[in-house]
Amino acid sequence: ARTCVLSHPSLALSAMALSMASTASPASFASRRGGAMGVRVRATAVEGAACVVARRRQTRLRVVAKDYPKPAQIANTDNYREGAALSQKFVDLKDLGTKKRVVIVGGGLSGLSCAKYLADAGHEPIVLEGRDVLGGKVSAWQDKDGDWIETGLHIFFGAYPNMMNLFAELNIEDRLQWKIHQMIFAMQELPGEFTSFNFIKGIPAPLNFGLAILMNQKMLTLQEKLQTAPPLIPMLIEGQDFIDAQDELSVQDFMTKYGMPQRINEEVFISMAKALDFIDPDKLSMTVVLTAMNRFLNETDGLQMAFLDGNQPERLCAPMAAHIKALGGDVRMKQRVKEFVLNHDGSVKHLKMVSGETIVADEYVSAVPVDIMKRMMPKQWGVMPFFHQIQELQGIPVINIHMWFDRKLQNVDHLCFSRSPLLSVYADMSTTCKEHYDEERSMLELVFAPCSPIAGGKTNWIAKSNQEIVDATMVELERLFPLEIGPGSPDGVGAILRKHAVVKTPRSVYAAIPGRNKYRPSQSTPISNFTLAGDWTSQKFLGSMEGAVLAGKLAAEVVTDKAVYGASTKGLKKIMPDVIKEAATLTQKEPVGATEGESALTFGAGAVMTDVEEKELIVIDPEQMVAMDTRVTAPAS
């Protein structure tokens, strides 16, 4: 998902497999890491091991991390087998049909996925990335101190079948740092304390999920848990049809319709909504929540999480690029497309680059974000119902914050759901990730959401200064962890913030507000040599890393099928009647095209915004910049 923890104070997780109450108190495992990743000291009632209880003290505390094995049941699901079969299809069709030269615009996960599978099928993919770094919305870069700055906090779930297949195919599964099978929540009413859903090994889905919820005694009463189940039964019986039908309802609407207690929203759905799409429940389509729950309820290891052991450009995107090049394709950086030049029949003649170069191919794939695609839309296409429907889609803003402290905070080696009004999820990357590992000092990575009225928030934080965002985050951390941060700490001062990085992505994954699914286009288009990719196109894993990989894979299938069979085997997705009627009244308009900006924002990505980026955003997306300190939006023409 796209999805998505903060490493916060004290937590003692005893992970008692048979316990009826799984609350983590404000303590930490205090021990020393050994070897490359060390050994976690943990205890379970079944194993009879001694539980190490951390002593609350003013001296330095350490959490020992351990990578868990790859979950045993990940490959034993229909979705994984379906993903593996599609991967094999490309290999089976290699050298059949006509070899195609395919230009793919966009070097994010979707574009790289498309190129990888086209290369597997024997074609010649050429990825054009406008920036000097791969990854798109998972891109990362180093600051002047050599610290990695990430666009977002990205978590890999067991229920990511195409992503898991991809790691296996590239032989990089060892780069995933799997964590214990739990969901951990900060306790809003008990600052400094946590509670968790513990998934007992050996119990299959959906029983393991149900038992994990029933065992937890801190978040919902038994009556509330029982009231939660009936509305979810149709999802299990009817499957995807029921899930898709709920897209017109927000999470809050769905709860009201089925009489679900409000505390379920407060205790669970707010956290899920902000983690899944950075939106509050009254704005988020219920289809998003049900899609996630359906995977987690039907796949035993679907909710188990892993961190990548380092930054995504080097640890994931680079192996994809190397694979593409090894099979005869290419990945080119700093290649900015100015416009799609068309033939008389509307097909693509060539790409005109900002540099003045012309690039010609047999097939063209756009793997750019939806907001960029709208800017680049050729005027002939813009009046076609298929392309006009994407005007109903837009990216959602999100902020990712990195905070380096002067000491090691008490923390948990996992993702945490904060249940905070300002924060979504967070992690102490100095514990959870090899690349950031530090025994002496913590680095928290937090998702700040919702950060705009577009997402249901009351404040447009995109238009606030970085310092204002950091100040607000520190106030929230002080409230959540009073014994670690702020004057309530034992020394009266608490952890000192050494430095920070605030990464703003004004248009991230598409906003999954009610009623949007029907406007997400198929990868196949009405244009004979043009295909769409990107997580915003129609596929069942919504806006997420998994969705991006799958959409790219489906786009590669469209191109491969045309090369072998003479036409796509998938066809076009149905277009809504209101879109068809409205398109009939449109007149052609010149596309905005490529902007002159050089920042990541120009390409739909995230950046630590300076005056340069702020000025660019005022031009390309004035809605996001109602005001920035003393600066106001560009004057009306």
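Please read these numbers as outputs of a predicted model, since none were measured by experiment.

Novice: I'm lost on the overall build of the protein chain in this one. Help?
Specialist: When helices and strands are tallied, the protein chain shows 18 helices and 24 strands. The 637 residues of the protein chain split such that 61% are buried. For the protein chain, the computed accessible surface area is about 23900 Å², with 54% contributed by carbon and sulfur atoms.

Novice: Can you help me understand the side chain of Ser452 in this one?
Specialist: With respect to the helices and strands, the residue Ser452 is situated in the loop between strand 19 (443–448) and helix 15 (466–480). Aside from chain neighbours lying at most four places away, what touches Ser452 is Pro397, Gly457, Thr459 and Asn460.

Novice: Is there a simple way to think about the pattern of salt bridges in this case?
Specialist: A side chain of one charge can pair with a side chain of the opposite charge if their charged atoms are brought near each other. Considering all chains together, one arrives at 27 salt bridges under this definition. One salt bridge connects Arg263 with Glu267, and the closest N-O pair in it is separated by 3.4 Å. Linking Arg263 with Glu267, this pair stays in helix 8 (residues 262–277), spanning four residues, or about one helical turn. Using a relative accessible area of 29% as the deciding quantity, one classes Arg263 as partly exposed.

Novice: Explain the sheet that holds strand 13 (residues 348–353) to me, please; I cannot follow it from the model alone.
Specialist: Within a sheet, each strand pairs with its neighbour through backbone hydrogen bonds, oriented either parallel or antiparallel. Strand order in the open sheet formed by three strands is 12-13-14, and the pairing between neighbours is antiparallel. The open sheet has two free edges, formed respectively by strand 12 (337–342) and strand 14 (358–359), since each of these has just one partner strand. Relative to strand 14, strand 13 runs antiparallel, the two being bridged by two bridges. Along strand 14, the bridge assignment pairs Leu351 with Ile359.

Novice: Looking at this structure, how should I read the sheet that holds strand 7 (residues 176–178)?
Specialist: Strand order across the open sheet formed by three strands is 6-10-7, with antiparallel pairing between neighbours. With one partner strand each, in any of the chains shown, strand 6 (156–157) and strand 7 form the two edges of the open sheet. Note that strand 7 and strand 10 (residues 305–308) share three bridges and pair antiparallel. For Trp178, the partnering residue across the bridge sits in strand 10 and is Ala306.

Novice: Mind showing me how you'd approach the packing of aromatic side chains here?
Specialist: Two descriptors summarise a pair of aromatic rings, namely the distance from one centre to the other and the angle between the planes of the rings. Counted under the stated rule, the structure contains 17 aromatic pairs. Ring centres of Phe194 and Phe481 lie 6.0 Å apart, and the angle between their planes is 25°; on these two criteria the pair is classed as stacked. One end of the pair, Phe194, is in strand 9 (residues 194–198); the other, Phe481, is in the loop between helix 15 and strand 20 (497–505), and 287 residues separate them in sequence. Considering the side-chain rings of Trp381 and Phe387, the 5.0 Å spacing of their centres and the 10° angle between planes classify their relative orientation as stacked.

Novice: Honestly, the confidence of the model for the protein chain in this entry has me stumped. Any pointers?
Specialist: When pLDDT is low, close inspection of the predicted coordinates is not appropriate. Of the residues in the protein chain, 87% have a pLDDT of 70 or more, and the chain-wide mean is 85. Confidence drops under pLDDT 50 across residues 1–65; counting only partners more than four residues distant or on other chains, this segment forms 207 contacts. Note that residues 627–637 has pLDDT below 50 and, in this model, 21 contacts with residues that lie over four places away or in other chains.

Novice: Would you explain the packing of helix 2 (residues 109–120) against helix 16 (residues 545–565) in this entry?
Specialist: The relative placement of two packed helices is expressed as an angle between their axes plus a distance between the axes. Between helix 2 and helix 16, the least distance of the axes is 7 Å, while the angle of their chain directions is 40°. As judged from the angle between their axes, helix 2 and helix 16 are oblique. In the packing of helix 2 onto helix 16, the handedness of the crossing is right-handed. Each of Leu109, Ser110, Ser113, Cys114, Tyr117 and Leu118 in helix 2 lies in contact with helix 16, whose residues at this interface are Met545, Ala548, Val549, Ala551, Gly552, Lys553, Ala555, Ala556, Val559 and Thr560.

Novice: How should I be thinking about the nonpolar core in this particular structure?
Specialist: One broad trend across soluble globular proteins is that nonpolar side chains are buried collectively. In this structure, Leu109, Phe156, Met163, Phe269, Leu351 and Phe530 are the most contacted members of the largest nonpolar core, which totals 144 residues. Residues contacting Phe156, with those up to four places away along its chain left out, are Met163, Met164, Phe167, Leu176, Trp178, Gln304, Met305, Ala306, Leu308, Gln312, Leu316 and Met545. Core analysis: the next-biggest nonpolar cluster, separate from the first, contains 37 residues, Leu446, Trp461, Ala472 and Ala607 among them.

What counts and what doesn't
Residues numbered from 1 in each chain as written. Predicted model: local features only at pLDDT ≥ 70, side-chain atom pairs only at ≥ 80, totals over all residues. Heavy atoms only, no water. Helix = DSSP H or I, 4+ residues; strand = E, 2+ residues; numbered from the N terminus. Buried < 20%, exposed > 50% of the residue type's maximum accessible area, 1.4 Å probe, protein only. Areas by Shrake-Rupley, 256 points an atom, 1.4 Å probe, with all protein chains shown as cover. Contact = heavy atoms within 4.5 Å. Salt bridge = Lys/Arg side-chain N within 4 Å of Asp/Glu carboxyl O. Pairing = 2+ DSSP bridges. Phe/Tyr/Trp six-rings, centres within 6.5 Å; stacked < 30°, edge-to-face > 60°. pLDDT = per-residue confidence, 0-100. Axes fitted to C-alpha atoms, helices over the stretch in contact; angles between N-to-C directions. Parallel < 35°, antiparallel > 145°, perpendicular 65-115°, else oblique. Left-handed = near helix turned anticlockwise from the far one by under 90°. Core = buried A, V, L, I, M, F, W, Y, C linked by side-chain atoms within 4.5 Å.

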